[in-house]
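What follows is the residue order along each chain.
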Amino acid sequence: MTESHEYDLIVIGSGPSGRRAAIQAAKFGRTVLVIDRGARVGGVSVHTGTIPSKTLRETVLNLTGWRERGFYGMAYRVKTDISAGDLRARLAKTLEYEVDVLEHQFARNGVAVQRGLAHFVDPHRLDILTPAGDTRTVSADKIVIAVGTRPYRPPHVPFDDRIVLDSDGIISLDRLPRALTVVGGGVIGIEYATIFSALDVRVTIIDSKDGILEFVDRELVANFMHQLRDHGVNFRLGARLEAIRIESGQPVALLEGGQRVRGDMLLYTAGRAGATDQLNLAACGLHADHRGRLKADPKTFQTAVPHIYATGDVIGFPSLASTSLEQGRIAACHAFHRDVPPAPEFFPYGIYSVPEISTVGMSEEDARTRGVPYECGVARFRETSRGNIMGLRGGMLKLVIALETRRLLGVHIVGEGATELIHIGQAVLNLGGTLDYFLDATFNYPTLAEAYKVAAFDAWNRIAPRAPEPPPPPDPPEITP
Ligand SMILES: Cc1cc2nc3c(=O)[nH]c(=O)nc-3n(C[C@H](O)[C@H](O)[C@H](O)COP(=O)(O)OP(=O)(O)OC[C@H]3O[C@@H](n4cnc5c(N)ncnc54)[C@H](O)[C@@H]3O)c2cc1C
Ligand SMILES: NC(=O)c1ccc[n+]([C@@H]2O[C@H](COP(=O)([O-])OP(=O)(O)OC[C@H]3O[C@@H](n4cnc5c(N)ncnc54)[C@H](O)[C@@H]3O)[C@@H](O)[C@H]2O)c1
């Protein structure tokens, strides 16, 4: 602790990046205060984002018997008449446990926590407006801004948190819709659209772009959209939303060209905005962009004011809990002069839609754009014995391989277990491995991971030059007695 400041580190926000920064600094023996305006610690990740959406997904897959339908048919259900209450029950338990773990981590590591809204008074001091209405002033040597984002709510959308909602509202529904319109086919929109579709809700996805999930390999997206359409999901792509009206108590999306999409609920997921508006950034010498985001050095996470760091979603791309956790750790290490090796080049994306998508490294399109000669290998999960045992009908794994070096360039998976399976590909990619790893390694059998081997053989069959027939063995020399 310095003479003039109460804490070595103040972290604003207790989401993934704030929590990791705080605990890392505490492990260095530093005094740390975490400030969060939320009722409980955990941030967007625990209360409205990652954990609630993944818990809802798991609940829906379990109660609908989704994973067993390959064998028992589409009418199979573990529970009939699934209600909003069924979904909320598991959510409450899961969230309570997550908060408990986090509070215990803070307590064990001596991290102080103050509930309240923080704003800058000067570059080292913050005022905290507590829920009781008091103001407490605190100061620190180093500060991490980890305030995250909130749903973008444009004024022309008639949000009422009942039939027109954003991703914060959708987790506390008191009834399930029969028809859901989702505006915004980004990751959040697609995850919720497919979760509700698995509940047999009629879903329409609207996006102003011509495609969805543009950063994902196109062949994979085509396979994914085929599976969704097969389950009744409608797409209205390349359609500009002109207005949302409430007609006879139902939200109607009016699209350019006169199309109308009526549902009994509308989920608006067209992006998020940085939660910086109440920080009084001017007092510390920083300013945010038009979407409330801050700029930070991608290696150290320092802002333009060197003792102030910014981590997590507030700095924009890639806006993942996984990457935010790492950013928090790196910021704390840099702040307290500990070297950290640079992060491995490739990190995975996990999209927890139904079915799951996960991807790491170059897509086929990336390889083409960069002019890297490549070949692909594809495996269908149904070709693996494990996939057959599980009754999987969909699902594929695709490898992108550099032709000249046989180096693995990317892995793209859609289907059951994709977000776990991807880490095999990620390890091979970051360790500079080649196609030969998958050809030569022995895999457990039967597993879905065997799809790596099947895909590798597929790639090898396309890459390997047909070896010329070996010459016949020479005639044995005549032996004269
Ligand atoms: C629906 C949804 C699903 C998601 N699913 C995934 C997923 O499956 N995998 C994944 O990797 N990522 C996922 N994400 C993204 C992930 O949640 C974020 O990347 C992550 O939460 C960002 O962490 P953060 O450190 O920026 O803080 P956040 O989790 O955004 O938390 C910020 C905290 O700061 C507090 N705060 C803000 N302003 C102030 C202030 N002035 N004073 C005090 N406190 C303040 C807030 O109350 C909040 O608690 C999802 C996001 C959403 C919305
Ligand atoms: N599994 C995960 O890792 C996960 C899950 C959820 C969210 N996240 C993170 O959260 C962040 C925010 O996600 P998001 O889905 O809200 O935002 P996004 O920016 O990724 O997607 C928004 C989508 O809405 C569309 N859109 C914007 N305005 C529109 C309009 N007026 N009409 C129709 N369509 C419109 C855009 O074309 C885009 O496809 C992402 O960056 C993502 O990384 C990650």
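These numbers were taken from a predicted model, which means no experiment stands behind them. (Residues numbered from 1 in each chain as written. Chains lettered and ligands numbered in written order. Predicted model: local features only at pLDDT ≥ 70, side-chain atom pairs only at ≥ 80, totals over all residues.)

1. Regarding the overall build of the protein chain
- Of regular secondary structure, the protein chain possesses 13 helices and 22 strands.
- Projected onto its principal axes, the C-alpha positions of the protein chain cover 110 × 65 × 40 Å.
- Residues counted as buried form 43% of the 481 residues belonging to the protein chain.
- The contacts of the protein chain with a sequence gap of at least 6 include a subset with a gap of at least 24, amounting to 65%. (Helix = DSSP H or I, 4+ residues; strand = E, 2+ residues; numbered from the N terminus. Buried ≥ 20, exposed ≤ 12 C-beta atoms within 10 Å, placed from the backbone. Contact = placed C-beta atoms within 7 Å.)

2. Structural notes on the packing of helix α1 (residues 16–27) against helix α8 (residues 321–335)
- It is the contact of α1 with α8, at a shortest axis distance of 7 Å, that shows an interaxial angle of 35 degrees. The hand of the α1/α8 crossing is right-handed. Contacts between α1 and α8 pair Pro16, Ser17, Gly18, Arg19, Arg20, Ala21, Gln24 and Ala25 from the former with Ala321, Ser324, Leu325, Gln327, Gly328, Arg329, Ala331, Ala332, Cys333 and Ala335 from the latter.
- Residues that form the contact of α1 with α8 fall into these classes: 9 nonpolar, 6 polar and 3 charged. (Axes fitted to C-alpha atoms, helices over the stretch in contact; angles between N-to-C directions. Left-handed = near helix turned anticlockwise from the far one by under 90°. Nonpolar A, V, L, I, M, F, W, Y, C, P; charged D, E, K, R; others polar.)

3. Quick look at the sheet that holds strand β10 (residues 202–207)
- With respect to topology, 5 strands assemble into an open sheet ordered β8-β15-β9-β10-β11, the strand pairing being parallel. Looking at strand neighbours, the two that pair on one side only are β8 (164–165) and β11 (234–237), the edges of this open sheet.
- Relative to strand β15 (residues 265–268), strand β9 (residues 179–183) runs parallel, the two being bridged by 4 bridges. Paired with Thr181 across the two strands is Leu266, which belongs to β15.
- Across the sheet, helix α6 (residues 187–198) touches β9, β10 and β15, and the angle it forms with β10 is around 165 degrees. (Pairing = 2+ DSSP bridges.)

4. Digging into α8
- Between the first and last C-alpha of α8 there are 21 Å, a value that for 15 residues agrees with the 21 Å anticipated at 1.5 Å per step.
- Elements that come into contact with the buried residues of α8 comprise β1 (7–12), α1, β6 (135–145) and β17 (308–310).
- Count one or two residues on from α8 and you reach His337, which has phi positive near 60 degrees. (Expected span 1.5 Å × (residues − 1).)

5. Considering the UniProt feature "binding site: NAD(+)" (unreviewed entry) in the protein chain
- Those places that UniProt annotates as "binding site: NAD(+)" (unreviewed entry) correspond, in this numbering, to Gly184, Gly185, Gly186, Val187, Ile188, Gly189, Ile190, Glu191 and Gly271. These annotated residues cover 88 residues of sequence, and their C-alpha atoms all fall within 13.7 Å of one another, placing them together at a single site.
- For Ile190, the position within the fold is in helix α6.
- Of the residues examined, Ile190 has 27 C-beta atoms within 10 Å and is grouped as buried.
- Secondary-structure assignment places Gly271 in the loop between β15 and β16 (272–274).
- The exposure class assigned to Gly271 is partly exposed, which follows from the 14 C-beta atoms found within 10 Å.
- Contacts of Gly271, omitting those with residues within four sequence positions, involve Tyr152, Gly184 and Gly186. (UniProt positions renumbered as here; feature names shortened; annotations may be inferred.)

6. Observations concerning the site of ligand 2
- Of all residues adjacent to ligand 2, which total 23 residues, the nearest are Gly184, Gly186, Ile188, Ala270 and Ser319.
- Residue assignment for the shell around ligand 2 shows that the elements contributing at least two residues are α6, β10 and β18 (349–351).
- A per-element tally of the shell around ligand 2 places α6 first, with 4 residues. (Near = placed C-beta within 6 Å.)

7. Looking at the UniProt feature "binding site: FAD" (unreviewed entry) in the protein chain
- According to UniProt, the feature "binding site: FAD" (unreviewed entry) maps to Lys54 and Asp313 in the numbering used here.
- For Lys54, the position within the fold is in helix α3 (residues 50–64).
- The class of Lys54 is partly exposed, set by 16 C-beta atoms lying within 10 Å.
- Within the secondary structure, Asp313 is located in the loop between β17 and α8.

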